[in-house]
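Structure at a glance
What follows is each chain in one-letter form.
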Amino acid sequence: MSRVRVGGDAPYDVMIGTGVLGELPSLLGEAGTVAVVHAEGLPEVARPVCHALAGAGYDARPLPVPDGEAGKDVNVLAGLWSAFAGLGMTRSDAIVGVGGGATTDLAGFAAATWLRGVRAVLVPTTLLGMVDAAVGGKTAIDIPEGKNLVGAFHPPAGVLCDLATLVTMPREDYVAGLAEVIKAGFIADPRILELIEEDPEAAGRPDGPHTLELIERAIAIKARVVSEDLRESGLREILNYGHTLGHAIEKVEGYHFRHGDAVAIGMVYAAELACLAGRLDTDVVKRHREILTAVGLPTSYAVEAWAELRETMRVDKKARGARLRFVVLDDLAVPGRLENPDEDLLRSAYERVAR
Ligand SMILES: NC(=O)c1ccc[n+]([C@@H]2O[C@H](COP(=O)([O-])OP(=O)(O)OC[C@H]3O[C@@H](n4cnc5c(N)ncnc54)[C@H](O)[C@@H]3O)[C@@H](O)[C@H]2O)c1
Ligand SMILES: O=C(O)C(=O)C[C@@H](O)[C@H](O)[C@H](O)COP(=O)(O)O
Ligand SMILES: [Zn+2]
């Protein structure tokens, strides 16, 4: 098992390997009742968690929620609050979130809001959840107006990444998670890109030769960034590379579009923006398209969607008033910001990703 330390006011470890559930008691301490929030279609991933908790003397209570993005909904959250009340959960009790990034975002927000904040331990079971969503303390639900618009910063007490859970992932979902790994490569660690480019097909499988190294490298980047800037007052924005257009695509699709797929398109858009602004070489833009295409991720989106996407981007959290702000690259691993780009530039960049 390997560990990555996440620093800040309340430091914690991300543990990666097999047999990590044995760490639950050390993270939960004196908790009596432990609510295990998990995706309803995945009872088999929640079962070992409940078993480990019961074996350690906790009163484990499984709470199934709708799979994926459907769970990041205010009514589902309200249902969890009622369930916590029914269980008589107090501040010494805890919540364990088990599942993909959507489920851990919801479970984390439930933990942030119940009694104004109780302990959360996250057990991500998707590649994306392990390398990104469960680490860093961002929690949220979606509303019809936009993605993750309601949430809180609530760092977990620990993150347990059991690599064995990845084997049951559908390939499309696993590959979607690679988008965030590739993001970490472009913004901070180009070795990630080389490892994937060596054999893109193998990178799309949990039994690929570099799986552990890719996961560890991506987590290390995220941990370094959020340790320095939990509340996204500056540096942390780089983790949002590709998300300004990406989140708009998810919203336009009614949240029936994989987050990683949307981020992949969003990264190509951000690269095109930087290129048109004279800040990024065409070679690096080409490298975006090549690596994303090679692993099977999308790089283009419907031409007719521009007006709605442009309108939706207004609620991006990096915006200040009416001014959009994009994370862009000035070079590989040299992220910067593009402030208030003019409308022609925004549209021209979209024409390069439109189909
Ligand atoms: N908080 C953050 O910092 C952060 C970072 C990145 C992404 N996110 C959020 O994460 C979400 C995307 O996460 P995701 O890609 O994991 O999607 P997801 O949670 O929707 O999971 C994808 C699908 O995989 C299923 N699944 C989960 N684990 C499985 C397993 N082991 N075997 C088989 N199927 C399994 C899920 O039930 C779901 O149907 C988005 O909501 C995104 O906004 C948050
Ligand atoms: O951790 C971060 O910060 C990120 O931006 C990581 C993103 O991959 C993630 O999708 C995050 O949930 C987006 O946050 P938001 O603040 O734009 O909703
Ligand atoms: Zn993301």
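Residues numbered from 1 in each chain as written. Chains lettered and ligands numbered in written order. Predicted model: local features only at pLDDT ≥ 70, side-chain atom pairs only at ≥ 80, totals over all residues.

1. Things to note about unusual backbone geometry
Glycine aside, negative phi is the norm for most residues, and most peptide bonds take the trans geometry. Going by this rule: The helix count covers DSSP runs of H or I at least four residues long, the strand count covers runs of E at least two residues long, and both are numbered beginning at the N terminus. With C-beta atoms placed from the backbone, the exposure class of a residue follows from how many other C-beta atoms lie within 10 Å of its own: 20 or more, buried; 12 or fewer, exposed; in between, partly exposed.
The phi angle at Leu115 is positive, at roughly 55 degrees, despite the residue not being glycine. By the element assignment, Leu115 lies in the loop between helix 4 (101-113) and strand 6 (119-124). Since 12 C-beta atoms lie within 10 Å of it, Leu115 is described here as exposed.

2. A few points about the site of ligand 1
What counts, and what does not: What makes a residue near a molecule or strand is its C-beta atom, placed from the backbone, lying within 6 Å of it. In this classification, the charged set is Asp, Glu, Lys and Arg, the nonpolar set is Ala, Val, Leu, Ile, Met, Phe, Trp, Tyr, Cys and Pro, and all remaining amino acids, among them Gly, are polar. By convention here, the domain bounds are inherited from an automatic or database domain assignment.
Near ligand 1 lie 32 residues; those nearest to it are Gly68, Gly100, Gly101, Ala102 and Thr126. Counting residues per element, the ones that place at least two in the shell around ligand 1 are helix 4, helix 5 (127-133), helix 6 (171-187) and helix 11 (259-276). Looking at side-chain class alone, the shell around ligand 1 contains eight nonpolar, 16 polar and eight charged residues. Both domains that furnish three or more residues to the shell around ligand 1 are identified here as domain 1 (2-168) and domain 2 (171-353).

3. A look at the site of ligand 2
Neighbouring ligand 2 are the residues Asp132, Gly136, Lys138, Ala140, Asn148, Glu180, Glu232, Arg236, Leu239, Asn240, His243 and Lys317. Class assignment of the residues belonging to the shell around ligand 2 gives a composition of two nonpolar, four polar and six charged. Here the shell around ligand 2 spans two domains, and each of domain 1 (2-168) and domain 2 (171-353) adds at least three residues to it.

4. A look at the sheet that holds strand 1 (residues 2-6)
In a beta sheet, neighbouring strands pair by backbone hydrogen bonds and run either parallel or antiparallel. This is how it is decided: Only strands that DSSP links by at least two bridges are regarded as paired with each other. For helices, the fitted axis covers only the stretch in contact; all axes are lines through C-alpha atoms, and the angles between them, taken along N-to-C directions, range from 0 to 180 degrees. Think of it this way: build a C-beta for each residue from its backbone, and any pair within 7 Å is a contact.
Taken in spatial order, the seven strands of this open sheet run 1-2-9-6-5-3-4, and their pairing is mixed. Lying at the two open borders of the sheet, with one neighbouring strand each, are strand 1 and strand 4 (59-65). The sheet shows a mean angle of 20 degrees between the axes of neighbouring strands, direction not considered. Alignment of strand 3 (residues 33-39) against strand 4, held across seven bridges, turns out to be parallel. Residue Ala35 lies in a different strand from strand 4, and its bridge partner there is Arg61. With respect to the sheet, helix 2 (residues 43-55) is in contact with strand 3, strand 4, strand 5 (94-99) and strand 6, its orientation differing from that of strand 3 by roughly 170 degrees. Sitting on the sheet, helix 9 (residues 211-228) touches strand 1 and strand 2 (12-17), and the angle it makes with strand 1 is about 20 degrees.

5. Quick notes on the UniProt feature "binding site: Zn(2+)" (unreviewed entry) in the protein
What counts here: UniProt positions are given in the numbering used here, feature names are shortened, and annotations may be inferred rather than shown by experiment.
UniProt feature "binding site: Zn(2+)" (unreviewed entry): in the numbering of this structure it lies at Glu180, His243 and His259. Over a stretch of 80 residues, the named residues converge on one spot in the fold, their C-alpha atoms separated by at most 10.3 Å. By the secondary structure assignment, Glu180 is in helix 6. By C-beta crowding, Glu180 is classed as buried, having 27 other C-beta atoms within 10 Å. Relative to the helices and strands, His243 resides in helix 10 (residues 243-252).

6. Thoughts on the nonpolar core
Put simply, the test is: Think of a nonpolar core as buried Ala, Val, Leu, Ile, Met, Phe, Trp, Tyr and Cys residues chained together by C-beta atoms that fall within 7 Å.
Counting 117 residues, the largest nonpolar core has Val14, Val34, Val36, Val37, Ile95, Val121 and Ala270 as the members making the most contacts within it. Among the elements that line this core, the one with the most residues is helix 11, at twelve residues. Mapping this core onto the domain boundaries places at least three of its residues in each of domain 1 (2-168) and domain 2 (171-353). For Val37, the contacting residues outside a window of four places in its chain are Leu63, Val65, Leu80, Ile95, Gly97, Thr103, Leu106, Ala107 and Ala110.

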